[in-house]
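# Examination of the molecular architecture
This is what each chain is made of:
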Amino acid sequence: MPVKMSESDKEDLHITWMAHAIQLARRSEQSDEVPVGAVLVADDQIVGEGWNQPISLRDPTAHAEILALRQAANRLDNYRLVDCTLYVTIEPCTMCAGALVHARIKRLVFGALEKKAGAIVSSAEVLNNPNLNHRVEVVSGVLAEECGALVRSYFQLKR
């Protein structure tokens, strides 16, 4: 019989995986890309990870979330990623939110809000569309200050 995790244990787990996503976001920053990192977890194991690379890969879809989903689909040999949790440093955009639905991701955990392009709670609520055939559980605000600071400092240097 599976052991039910306490809320405190879940929160600790979210912090651990988000810290890993932050490390991945720093890889983006080192390549002069917007610092966003994502890690996809199943059964407490990493099945996919990614960091923003649209400039270096010359691919407008090379967002951290999409790259993590692609890696996991290849690793698990299935485009359906049920029972997986995606941890991402910034609220996903519309494209990434749609990909979460198509992949049948169980849970999305994100750090900071993205007021302009965030499609989960900020500028749109894509996952709340009643016509969608899959629901993604959402947890927001995990290490939000640290996640947001990465992006703010990146853009301050750019200005």
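A few points on the structure. Just so we're clear, the structure is a prediction, and the values are computed from it rather than from any experiment.

### Observations concerning the packing of helix α1 (residues 7-30) against helix α4 (residues 144-158)
The contact between α1 and α4 brings their axes to 10 Å, and the two run at 10 degrees. With respect to α4, the axis of α1 lies roughly parallel. Mapping the contact onto sequence places Met18, Ile22, Ala25, Arg26 and Glu29 in α1 and Glu146, Cys147, Leu150, Ser153 and Tyr154 in α4. Each residue belonging to the contact of α1 with α4 can be placed in one class, and the counts come to six nonpolar, one polar and three charged.

### Quick notes on the state of the cysteines
Within the structure shown, the criterion is met by zero disulfides. Take cysteine 84: it sits in no disulfide, and the sulfur closest to it among the cysteines is that of cysteine 96, at 16 Å.

### Considerations on α1
Taking 1.5 Å as the rise per residue, α1 with 24 residues should run 34 Å; its terminal C-alpha atoms sit 35 Å apart, in good agreement. All of the buried residues in α1 are His14, Trp17, Met18, Ala21, Ile22, Leu24, Ala25 and Ser28. For α1, the secondary structure elements touched by its buried residues are β1 (37-42), β2 (45-51), β3 (85-90), β4 (107-112), β5 (137-140) and α4.

The rules behind the values
Residues numbered from 1 in each chain as written. Predicted model: local features only at pLDDT ≥ 70, side-chain atom pairs only at ≥ 80, totals over all residues. Heavy atoms only, no water. Axes fitted to C-alpha atoms, helices over the stretch in contact; angles between N-to-C directions. Helix = DSSP H or I, 4+ residues; strand = E, 2+ residues; numbered from the N terminus. Parallel < 35°, antiparallel > 145°, perpendicular 65-115°, else oblique. Contact = heavy atoms within 4.5 Å. Nonpolar A, V, L, I, M, F, W, Y, C, P; charged D, E, K, R; others polar. Disulfide = S-S within 2.5 Å. Expected span 1.5 Å × (residues − 1). Buried < 20%, exposed > 50% of the residue type's maximum accessible area, 1.4 Å probe, protein only.

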